[in-house]
Amino acid sequence: MAVINEVQAKSILGKSGISDYCVNCYTGCLHNCIYCYARFMKRFSGHEEPWGTFVDAKVNAPEILRREVARKPPASVFMSSVCDAYQPVEKRFGLSRECLRILVDAGYHVGILTKSKLVTRDFDILEGHDNCDVGCTLTTMDERLRFHIEPGASPTFERIAALEEACSRGIKASAFLGPFMPGLSDTDEALDALFSAVAHLPLTHLHADKLNPKPGVWNSLAPFLKRHHPDLLDLYRSLFYDMDEYRAYCQDLGRRLRKIADEHGIGDKLSPVF
């Protein structure tokens, strides 16, 4: 059972390497993605529970954010950097929605990245604002695999539907493809299926990402591999612990991503690949 706490934040508009600022209304994420490298945040949470099973909701986030945006000029803001702003608990607390409204009203450029169809609830706020954009992370068209690696997230087809709705309502939209699972979602067939699913959409751009061997990720991936894909254990171990192997893998994956994107006529939308 998930552990959900209500906490008080001291600040909410944080510095970010992705944009000028980031807003994280929650600590922890119930999407429980097995490849998540934000699990390092557990060190600062005081939780003993495994990453992916707890959430601290910063219930005073809107109040704090109102004061902060009043003191700072409008800039770019990313929602969210170490959690998903639209994870399941957002239905209960509505913190992301209220913070989004505050940021938009204050003239901030808001970029959203999520794995949840819940983001469509807030399209009424985004609609008509040219300085806002929404992106969905898409990892695989294989729903069985998706369920194993992202058990708490929305099915991929629901995220694609969210992008379609965003485009139909004139909201700038993009897709974040990956991180790709070696030997599972990174085959040419799997990549082709993913690009095929978004090629028809008028997206502003596409990002692609490889599996990130950050500390703690191996301990999350290994049980999954041992149970479902023991034949891939040696491959993953080499990619996590041999940087030469990892770099060679990334170069090959990047080349194949570019080739498949070009074949679908959307190579110009694909951001530089690692």
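These remarks concern the structure in this document.

Conventions adopted
- Per-chain numbering applies: the sequence of each chain, read as written, is numbered from 1 onward.
- In view of the model being predicted, local features appear only for residues whose pLDDT reaches at least 70, and side-chain atom pairs are presented and counted only at 80 or more, with totals across whole chains, interfaces and linings using the full set of residues.
- With hydrogens and water excluded, all non-hydrogen atoms of the structure serve as input to the side-chain values.
- Helix and strand definitions here come from DSSP, where helices need a minimum of 4 consecutive H or I residues and strands a minimum of 2 consecutive E residues; each element is numbered from the N-terminal end.
- Throughout, radius of gyration means the C-alpha value; the globule benchmark is 2.2 Å times the number of residues raised to the power 0.38.
- Note on exposure labels: buried denotes an accessible area under 20% of the residue type's maximum, exposed denotes more than 50%, and partly exposed covers the range between, all computed with a 1.4 Å probe on protein chains only.
- Any two residues whose heavy atoms approach within 4.5 Å at even a single point are treated as in contact.
- Only the protein chains shown count as cover for residues, and all accessible areas are computed by the Shrake-Rupley method using a 1.4 Å probe.
- In this tally, Asp and Glu contribute negative charge and Lys and Arg positive charge; neither His nor the terminal groups of the chain are included.
- Positions of charges follow a simple convention, taking NZ of Lys, CZ of Arg, CG of Asp or CD of Glu.
- Strand pairing is defined by DSSP finding a minimum of two bridges between the two strands.
- A crossover counts as right-handed when, viewed with the strands pointing away from the observer, the path leading from the first strand over the helix to the second turns clockwise.
- To obtain an axis, a line is fitted to C-alpha atoms, over the contacting stretch when the element is a helix, and the angle between two such axes runs from 0 to 180 degrees between their N-to-C directions.
- Here a polar contact is recorded for every N or O atom pair within 3.5 Å, except that within protein the pair must consist of a potential hydrogen donor and a potential acceptor, and residues adjacent in sequence are included only if both atoms are side-chain atoms.

## Considering the overall build of the protein chain
Then step 1. If you tally the helices and strands in the protein chain, you get 10 helices and 10 strands.
Then step 2. The C-alpha radius of gyration of the protein chain comes to 19 Å, within 12% of the 19 Å expected for a compact globule of 274 residues.
Then step 3. For the protein chain, the spread of C-alpha atoms along the principal axes amounts to about 50 × 45 × 30 Å.
Then step 4. Here the protein chain holds 274 residues, and 54% of them are scored as buried.
Then step 5. A fraction of 74% describes how many contacts in the protein chain between residues 6 or more apart in sequence connect residues 24 or more apart.
Then step 6. As displayed, the protein chain offers around 12500 Å² of accessible surface, 52% of which is attributable to carbon and sulfur atoms.
Then step 7. Taking the 33 positively charged and 36 negatively charged side chains of the protein chain as two groups, their mean positions are separated by 5 Å.

## Examining the pairing of strand β10 (residues 206-210)
Then step 1. When you tally the buried positions in β10, you get four out of five residues, the bulk of the element.
Then step 2. In this sheet, β10 lies alongside strand β9 (residues 172-180) in parallel orientation, the contact comprising four bridges. Counted as the bridge partner of Leu-177 is Ala-208 from β10.
Then step 3. The parallel pair β9 and β10, bridged by helix α7 (residues 188-198), forms a crossover whose chirality is right-handed.

## Brief notes about the sheet that holds strand β7 (residues 109-114)
Then step 1. Strand order in this open sheet of seven strands is β2-β3-β6-β7-β8-β9-β10, and the pairing throughout is mixed. The sheet is open, and its two borders are formed by β2 (13-15) and β10, each paired with just one other strand. Here the strands of the sheet are splayed against their neighbours by 25° on average, with no regard to which way each runs.
Then step 2. Here six bridges tie strand β8 (residues 132-138) to β9, and the two strands are oriented parallel to one another. For Leu-138, the partnering residue across the bridge sits in β9 and is Leu-177.
Then step 3. On the sheet, helix α10 (residues 243-263) packs against β9 and β10 and is oriented at approximately 155° with respect to β10.

## Focus: unusual backbone geometry
Then step 1. Cis peptide bonds are those with omega within 30 degrees of zero, and the linkage from Met-79 to Ser-80 qualifies with 0°.
Then step 2. Assignment of secondary structure puts Ser-80 in the loop between β6 (76-79) and α2 (90-93).
Then step 3. For the peptide bond that leads from Gly-178 to Pro-179, omega is 5°, which places it in the cis range.
Then step 4. Examined against the element boundaries, Pro-179 turns out to sit in strand β9.
Then step 5. Phi at Asn-32 is positive, roughly 55°, even though this residue is not glycine.
Then step 6. Take Asn-32: it is sitting in the loop between β4 (26-27) and β5 (54-58).

## Quick word on the sheet that holds strand β1 (residues 3-7)
Then step 1. In spatial order, the strands read β1-β5-β4; together these three strands make up an open sheet with mixed pairing. If you trace the sheet from one side to the other, it starts and ends with β1 and β4, each paired once.
Then step 2. The pairing of β1 with β5 spans five bridges and is classified as parallel. Its bridge partner lying in β5, Asn-5 is registered against Asp-56.

## Concerning the side chain of Glu-150
Then step 1. Summarising the element assignment, Glu-150 is placed in the loop between α5 (143-149) and α6 (156-168).
Then step 2. Of note is the side chain of Glu-150, whose polar atom sits 2.6 Å from the side chain of Arg-159.
Then step 3. In this view, Glu-150 contacts His-31, Cys-33, Tyr-35, Lys-115, Thr-139 and Arg-159; residues no more than four positions away in its chain are not counted.

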